[in-house]
Amino acid sequence: MLRTPGISATAEVQSNQQQRSPPVKNSSQGFSHGEGILLLQRSSLHPLGEVVSHKQDVCVALACLRKRPCINSHQKKINIEAEVQRRKQLPQQSVERRAIISKCYKPKHPEVYTLQDSFLAPEFLEIERFCTSPGADLQGLLSYLESFSDKRIYRLPVFTEQFCQALLDELENFEHSDMPKGRPNTMNNYGVLLSELGMDERLLTPLRERLRPLTALLYPELGGACLDSHRAFAVKYALHQDLDLSSHYDNAEVTLNVSLGKEFTEGNLYFGEFNEDPCPVPRYIEVEHVWGRGLLHRGGQIHGALPIASGERWNLIVWMRASAVRNRLCPMCRRKPELVPAEGFGDGFTEPPQGEEQPETVSVCALG
Ligand SMILES: O=C(O)CCC(=O)C(=O)O
Ligand SMILES: [Fe+2]
């Protein structure tokens, strides 16, 4: 991890160091990744170079799970029906945990639950000012950001070190409490679901809204101007706990990934191709974590995390969704979503009101 502020040379070095294969093989062999999609085998690239349809080489969209039993890298059959059932129960379990936490958990740092300008790096505020000024354009914005190759992955200062420390301390306090805990996904056993902690309304929704002028310029075709919900969580890696994260893409139009600390070595992120761009020979780049800085990338950019070698790594992940985009095509099952009602933001879909009487409902795609 880099601790020193200031633009590092990493971006340029890395952009010239694209690799044809992922940097190293991950140790984790989980098979699903929350609502994201885990790529089970890189060998699932078609011999002619086309990426095999996602329904064939990935295992998250429920309908796809049912249709195509997958074999993991140990060649064991995955119990798909059990996974489908597990997923169906997740929303209700989350609602129950949230109710208990809001009643019984006493925050150690109540102030971190409400976004304040003082949490944000001065450079972030400057970028925000630029993006909300008349005549702001992509070219101008890019001059404030570090860009990684041509993959539309950008790094920018987001939080102050002081805020990162207070947030981490809060997350650890929660972790040490006897509150019920949901985990971000089946490959991450030590992270924290921030909606359950009550951080959505006053911390993460305002953060997403303040990022919108940036994402509008960076990712217009993905609904960057209308990101209207999110799923946010913290991930934690430590020796004897989770070390790395397998290759996957996120159930998000745009993802923000901020390094919160602590001290660690290795554990870089790696990025391959965008899942909609068939590519004969995928190229990977590695990106280092920099304390307090965030990466913005397309949710569909295939990525993973290399194992840490020492210490403890925590990152804040915000999967940001644009209902206007995903209502048309579910990014997980790649079809028109079949919606079922859900709590909170659900999976970021919305249904148009069908009459004056009917309130807008937030929905999840029954297929994904
Ligand atoms: O380990 C990280 O920082 C990346 C996590 C990630 O990609 C995810 O949870 O979707
Ligand atoms: Fe991810």
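Figured I'd write up the structure that's included with this text. Nothing here was measured: the structure is a model prediction, and the numbers come from that model.

How each quantity is defined
- Residues numbered from 1 in each chain as written.
- Chains lettered and ligands numbered in written order.
- Predicted model: local features only at pLDDT ≥ 70, side-chain atom pairs only at ≥ 80, totals over all residues.
- Heavy atoms only, no water.
- Donors = N, O, S within 2.8 Å, 3.2 Å for Na, K, Ca; no water.
- Helix = DSSP H or I, 4+ residues; strand = E, 2+ residues; numbered from the N terminus.
- Buried < 20%, exposed > 50% of the residue type's maximum accessible area, 1.4 Å probe, protein only.
- 1 Å grid on protein atoms, 1.4 Å probe; cavity = no way out; pocket = protein on both sides within 12 Å on 5 of 7 lines; lining within 4 Å.
- Points joined across faces, edges and corners; volume = space filled by probe spheres on them.
- Nonpolar A, V, L, I, M, F, W, Y, C, P; charged D, E, K, R; others polar.
- Core = buried A, V, L, I, M, F, W, Y, C linked by side-chain atoms within 4.5 Å.
- Contact = heavy atoms within 4.5 Å.
- Salt bridge = Lys/Arg side-chain N within 4 Å of Asp/Glu carboxyl O.
- Near = heavy atom within 4 Å.
- Polar contact = N/O pair within 3.5 Å; in protein donor to acceptor, adjacent residues only side chain to side chain.
- Areas by Shrake-Rupley, 256 points an atom, 1.4 Å probe, with all protein chains shown as cover.
- Sits in = over half its atoms within 2 Å of the grid points.
- Axes fitted to C-alpha atoms, helices over the stretch in contact; angles between N-to-C directions.
- Parallel < 35°, antiparallel > 145°, perpendicular 65-115°, else oblique.
- Left-handed = near helix turned anticlockwise from the far one by under 90°.
- Phe/Tyr/Trp six-rings, centres within 6.5 Å; stacked < 30°, edge-to-face > 60°.

**Quick look at the coordination of the iron ion (ligand 2)**
Then, in step 1: The protein atoms that coordinate the iron ion (ligand 2) are His248 (NE2), Asp250 (OD) and His303 (NE2), at distances of 2.1 Å.
Then, in step 2: Written as a sequence motif, the donor arrangement for the iron ion (ligand 2) is H-x1-D-x52-H. In this pair, Asp250 is assigned in the loop between β6 (245–249) and β7 (254–261) and His303 in strand β12 (residues 301–305), connecting sequence segments 53 residues apart. Each member of the pair Asp250 and His303 is classed as buried.

**Some words on empty space enclosed by the protein**
Then, in step 1: All told, the structure shown has 2 cavities of 30 Å³ or more when counted by the stated rule.
Then, in step 2: Within this model, the largest cavity holds a volume of roughly 140 Å³.
Then, in step 3: Lining the largest cavity are 18 residues, with Leu245, His248, Asn257, His303 and Ile317 sitting closest to its centre.
Then, in step 4: Every element with two or more residues in the lining of the largest cavity is listed here: β5 (229–238), β6, β7, β12 and β13 (308–321).
Then, in step 5: Space inside the second largest cavity adds up to approximately 40 Å³.
Then, in step 6: Arg155, Asn257, Val258, Ser259, Glu288, His289, Val290, Arg293, Leu295 and Asn315 together form the lining of the second largest cavity.
Then, in step 7: Among the elements of the structure, β7 and β11 (293–298) are those that each provide at least two residues to the lining of the second largest cavity.
Then, in step 8: Ranked by the residues each element gives to the lining of the second largest cavity, the list is headed by β7, at 3 residues.
Then, in step 9: Of the residues assigned to the lining of the second largest cavity, the class counts are 3 nonpolar, 4 polar and 3 charged.

**Let's talk about the nonpolar core**
Generally speaking, a soluble globular protein has its nonpolar side chains buried in company with each other.
Then, in step 1: Grouped together as the largest cluster of nonpolar side chains are 73 residues, with contacts concentrated most on Phe159 and Leu197.
Then, in step 2: Ignoring sequence-local partners within four residues, the contact set of Phe159 consists of Phe119, Leu120, Ala121, Cys164, Leu207, Val258, Leu260, Gly292 and Leu316.
Then, in step 3: Among the nonpolar cores identified, the runner-up in size contains 6 residues, and Ile302, Cys330, Met332 and Cys333 belong to it.

**Observations concerning the pattern of salt bridges**
Then, in step 1: All chains considered together, the criterion is met by 14 salt bridges.
Then, in step 2: For the salt bridge of Glu172 with Lys262, the shortest nitrogen-to-oxygen distance reads 2.7 Å. With Glu172 in helix α7 (residues 161–176) and Lys262 in the loop between β7 and β8 (264–266), this residue pair connects regions lying 90 residues apart in the sequence.
Then, in step 3: Note on Glu172: relative accessible area 17%, which makes it buried.
Then, in step 4: A single network of salt bridges, built from pairs that share partners, joins Asp117, Glu128 and Arg210.

**A word on the side chain of Thr205**
Then, in step 1: With respect to the element layout, Thr205 can be found in helix α8 (residues 200–218).
Then, in step 2: Excluding residues that lie within four positions of it along the chain, Thr205 makes contacts with Asp200, His230 and Phe345.

**Topic: the site of ligand 1**
Then, in step 1: Taken together, 15 residues lie around ligand 1, and Tyr237, Asp250, Asn257, His303 and Arg313 are the ones closest in.
Then, in step 2: Interatomic distance of 2.5 Å between a side-chain N/O atom of Tyr237 and an oxygen atom of ligand 1.
Then, in step 3: One of the side-chain nitrogen or oxygen atoms of His248 is found 3.2 Å away from an oxygen atom of ligand 1.
Then, in step 4: The fraction of the free accessible surface of ligand 1 (290 Å²) that becomes covered by protein chains is 99%.
Then, in step 5: The cavity that encloses ligand 1 is the largest cavity.
Then, in step 6: Elements represented by at least two residues in the shell around ligand 1 include exactly β5, β6, β12 and β13.
Then, in step 7: Ranked by residue count, the leading element in the shell around ligand 1 is β13, at 4 residues.
Then, in step 8: Among the residues forming the shell around ligand 1, the class breakdown is 8 nonpolar, 5 polar and 2 charged.

**Structural notes on the packing of helix α5 (residues 122–131) against α8**
Then, in step 1: One way to put it is that α5 packs onto α8 with a least axis distance of 9 Å and a crossing angle of 60°. With respect to their mutual orientation, α5 and α8 come out oblique. Crossing handedness for the pair α5 and α8: left-handed. On α8, the residues that touch Phe124, Leu125, Ile127, Glu128 and Cys131 of α5 are Arg210, Leu211, Pro213, Leu214 and Leu217.
Then, in step 2: Classifying every residue of the contact of α5 with α8 by side-chain character gives 8 nonpolar, no polar and 2 charged.

**Some points on the packing of aromatic side chains**
Then, in step 1: Inspection of every chain in the model, using the stated rule, returns 7 aromatic pairs.
Then, in step 2: Plain terms: the ring middles of Phe119 and Phe163 are 4.4 Å apart, the flat faces sit at 20° to each other, and that makes the pair stacked. Of the two residues, Phe119 sits in the loop between α4 (80–104) and α5 while Phe163 sits in helix α7, which places them 44 residues apart along the sequence. The burial state of Phe119 is the same as that of Phe163; both residues are buried.
Then, in step 3: With a centroid separation of 5.2 Å and an interplanar angle of 40°, the aromatic rings of Phe130 and Tyr144 are classed as tilted. Note that Phe130 is positioned in helix α5 and Tyr144 in the loop between α6 (138–142) and β2 (146–148), a separation of 14 residues in sequence.
Then, in step 4: Accessibility expressed as a relative area gives 18% for Phe130, which makes it buried.
Then, in step 5: On the basis of relative accessibility, which here comes to 29%, the residue Tyr144 falls in the partly exposed class.
Then, in step 6: The rings of Phe119, Phe159 and Phe163 are connected pair by pair, giving a single aromatic cluster.

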